[in-house]
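One letter stands for each residue in the lines below.
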Amino acid sequence: MQAEILESVPRLDAIEVGLEDAVGSVLAEDVVAPEDLPGFENAAMDGFAVVASDVDRPSIELDVIDDVAAGSVSSATVTAGTAARIMTGAPIPPGANAVVPVEVTEVISDGRVRILEPATVGDHVRPVGGSVRAGSLVFESGLRLRPPHVSVLASMGASPVVRRRPVVAMMSTGDELVPPSTRTLEPGAIRDSNRTLLRGLLTDLGLEVRDYGIVGDSPGSFEAALDDATKGADVVVTSGGVSMGAYDVVKLTLRDRGSVDFLKIAMQPGKPLGFGTVDGIPFFGLPGNPVSVFVSFEQLMRPALLAMMGADRLFRDRVPGSLGDGINTNPEKDVFVRVTTGRDSDGRWHARSSGGQSSNVLSALAFADALAVVPVGVGRVEPGGTVELEMIHWPEARSREEALGDR
Ligand code: AMP
Ligand code: MG
């Protein structure tokens, strides 16, 4: 199903964005360096610019003929017997071909310096184009920009052409749902946690969210919200109402509108799914159980959103690790076990169930930092057996106390 979804979702338009909006967007065009970086030869250290052949043995004394700060250009030419004091990033003055760090020099008097060690051509000099060559391919189309990428673009004065990020409309179905702020629950009512989850997952991806709230189980209110949602969004996502229940509003309403399929995916959690288009907009009808929402989002919707953004990498990486407890799973399904992870002293990953594995046990999802994948065809993992761990977040590990203890 992953493949069908990826084939059917559109790539959004390319737009030019300012650097302040670029992090999290995906390049729609290759970035070719318009100029060399650095654009001029400059000092990599604070020190003295010298002629290397002139400083071919320890303890050479030189006349200091200029003082070059970053941002200024020296008009003096460095020749045998002379040096220019220079700061990191300042242009190398004419004649000089090496920089001697201030740490290996001694001031003799104002205007006179002793260079303690011999220098070699190019020492502590950043060459033109040493970071990026003019005309070279810097980043390829399909790259999702992180802060260091964007700062490279900043250093080149470039405005990236990226794909628009999808605006996602979401709503919760279910007559049992009440807002999370509800203090006292009526019998049978539960707080809507799915929209909070989805909002977080979507904003983590850098996407704009339109929240249509709780729409209950009545076709009228669901359809009204859906009509609105498809007008202002690139994707619509709902939770609940796609299963076999008598009041499954999403299924009952959209089954006959033709363009949404209601599927039983061979995965656990996350078996029921509605997927298709509504008024031409990609539509994801996720299950109702919160853990199923998460797993369906991760496995099916997140890659699709990244594809719409134009990303070439869509799936989270997996690492092999041992599953401490061992587990029996349904061999007809890809089972995603919520686990906490750690590493042995030899660096090998290990994992342990993070709690109840029913699809309503949200707390075990909250404690998990990976999904252990037990694929179709495998019905049992022995204690200590190897599984693939799909990391769902990369937690900070060392505490303040440990950092201070290391001093
Ligand atoms: P459904 O597929 O609509 O029958 O939902 C399956 C289960 O998920 C039911 O127990 C629902 O009460 C629960 N559920 C549905 N939507 C939400 C939600 N937004 N927040 C928390 N639980 C939900
Ligand atoms: Mg329901």
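Refer to the preceding data block for the structure.
The structure contained in this document is the topic of the report that follows. (Residues numbered from 1 in each chain as written. Chains lettered and ligands numbered in written order. Predicted model: local features only at pLDDT ≥ 70, side-chain atom pairs only at ≥ 80, totals over all residues. Heavy atoms only, no water.)

**A short note on the pattern of salt bridges**
Cut-off, in case you're wondering: Salt bridges, as used here, are contacts in which a Lys or Arg side-chain nitrogen is within 4 Å of a carboxyl oxygen on Asp or Glu. The classification of residues rests on relative accessible area computed with a 1.4 Å probe and restricted to protein chains. Under 20% of the type maximum is buried, over 50% is exposed, and intermediate values are partly exposed.
Under the criterion given, the structure shown has 16 salt bridges. Linking Arg 114 and Glu 106 is a salt bridge whose minimum nitrogen-to-oxygen distance equals 2.8 Å. Residue Glu 106 is classed as partly exposed on the basis of its relative accessible area of 37%. A salt bridge links Arg 199 to Asp 211, with the nearest nitrogen and oxygen atoms 3.3 Å apart.

**So, the nonpolar core**
We count it as follows: What is meant by a nonpolar core is a set of buried Ala, Val, Leu, Ile, Met, Phe, Trp, Tyr and Cys residues, joined one to another through side-chain atoms within 4.5 Å. Only runs of H or I of at least four residues qualify as helices and only runs of E of at least two qualify as strands under DSSP, and these elements are numbered from the N terminus. Between two residues, a contact is recorded if the distance between any of their heavy atoms is within 4.5 Å.
Core analysis: the biggest nonpolar cluster contains 41 residues, and Phe 284, Leu 286, Phe 297, Met 301 and Leu 305 have the highest contact counts within it. With 12 residues, helix α6 (residues 290–308) is the largest single contributor of residues to this core. Discounting residues that sit within four places of it in the chain, Phe 297 has contacts with Leu 198, Leu 201, Leu 202, Leu 205, Leu 286, Arg 302, Pro 303 and Leu 305. Core analysis: the second largest hydrophobic core is formed by 18 residues, Ala 169, Met 171, Val 242 and Val 278 among them.

**Here we look at the sheet that holds strand β21 (residues 281–286)**
Note the threshold: Two strands pair under a simple rule: DSSP has to find at least two bridges between them. Fitted lines through C-alpha atoms give the axes, limited to the stretch in contact for helices. The angle between two N-to-C directions lies from 0 to 180 degrees.
One open sheet holds the 6 strands; their spatial order is β16-β13-β17-β21-β20-β18, and the pairing between them is mixed. Two strands close off the open sheet at either side, each with one partner strand: β16 (208–216) and β18 (260–264). Adjacent strand axes in the sheet meet at a mean angle of 15°, parallel and antiparallel pairs treated alike.

**Observations concerning the packing of helix α3 (residues 194–204) against α6**
As a reminder, the rule being used: Oblique is the label for any angle not under 35 degrees, not over 145, and not in the 65 to 115 range, which are roughly parallel, roughly antiparallel and roughly perpendicular in turn. We call a crossing left-handed when the near helix sits turned anticlockwise from the far one by less than a right angle, and right-handed when that turn is clockwise. Throughout this entry, Asp, Glu, Lys and Arg are counted as charged residues, while Ala, Val, Leu, Ile, Met, Phe, Trp, Tyr, Cys and Pro are counted as nonpolar. The remaining residues, Gly among them, count as polar.
Contact pair α3 / α6: the axes reach a minimum separation of 11 Å and the direction vectors enclose 30°. Of the possible angle classes, the one that applies to α3 and α6 is roughly parallel. Seen along the crossing, α3 lies across α6 with a hand that is right-handed. Residue-level inspection shows Asn 194, Leu 197, Leu 198, Leu 201 and Leu 202 of α3 in contact with α6, the latter providing Pro 290, Val 293, Phe 294, Phe 297, Glu 298, Met 301 and Leu 305. Taken together, the residues of the contact of α3 with α6 break down into 10 nonpolar, 1 polar and 1 charged.

**Regarding the layout of surface pockets**
As a reminder, the rule being used: Cavity and pocket criteria rest on a 1 Å grid covering protein atoms alone: a 1.4 Å probe that fits but cannot get out defines a cavity, protein on both sides within 12 Å along at least 5 of 7 lines defines an open pocket, and an atom within 4 Å of a point defines a lining residue. Grid points are joined across faces, edges and corners, and a volume is the space filled by probe spheres set on the points.
Here the largest pocket defines a volume of roughly 800 Å³. Looking at the largest pocket, it is lined by 26 residues, and the ones nearest its centre are Arg 144, Arg 146, Arg 302, Leu 306 and Arg 316. Elements represented by at least two residues in the lining of the largest pocket include exactly α3 and α6. Considering every element that reaches the lining of the largest pocket, the biggest residue donor is α6, with 3 residues. Looking at side-chain class alone, the lining of the largest pocket contains 13 nonpolar, 4 polar and 9 charged residues. Its volume calculated, the second largest pocket comes out at about 530 Å³. Around the second largest pocket, the lining comprises 32 residues; the ones closest to its centre are Gly 240, Gly 241, Pro 287, Gly 288 and Asn 289. Mapped by element, the contributors of at least two residues to the lining of the second largest pocket are β13 (167–173), β15 (190–191), β19 (267–268) and α6. For the lining of the second largest pocket, the class distribution of residues is 10 nonpolar, 15 polar and 7 charged.

Taken by themselves, the reported measurements are silent on function.
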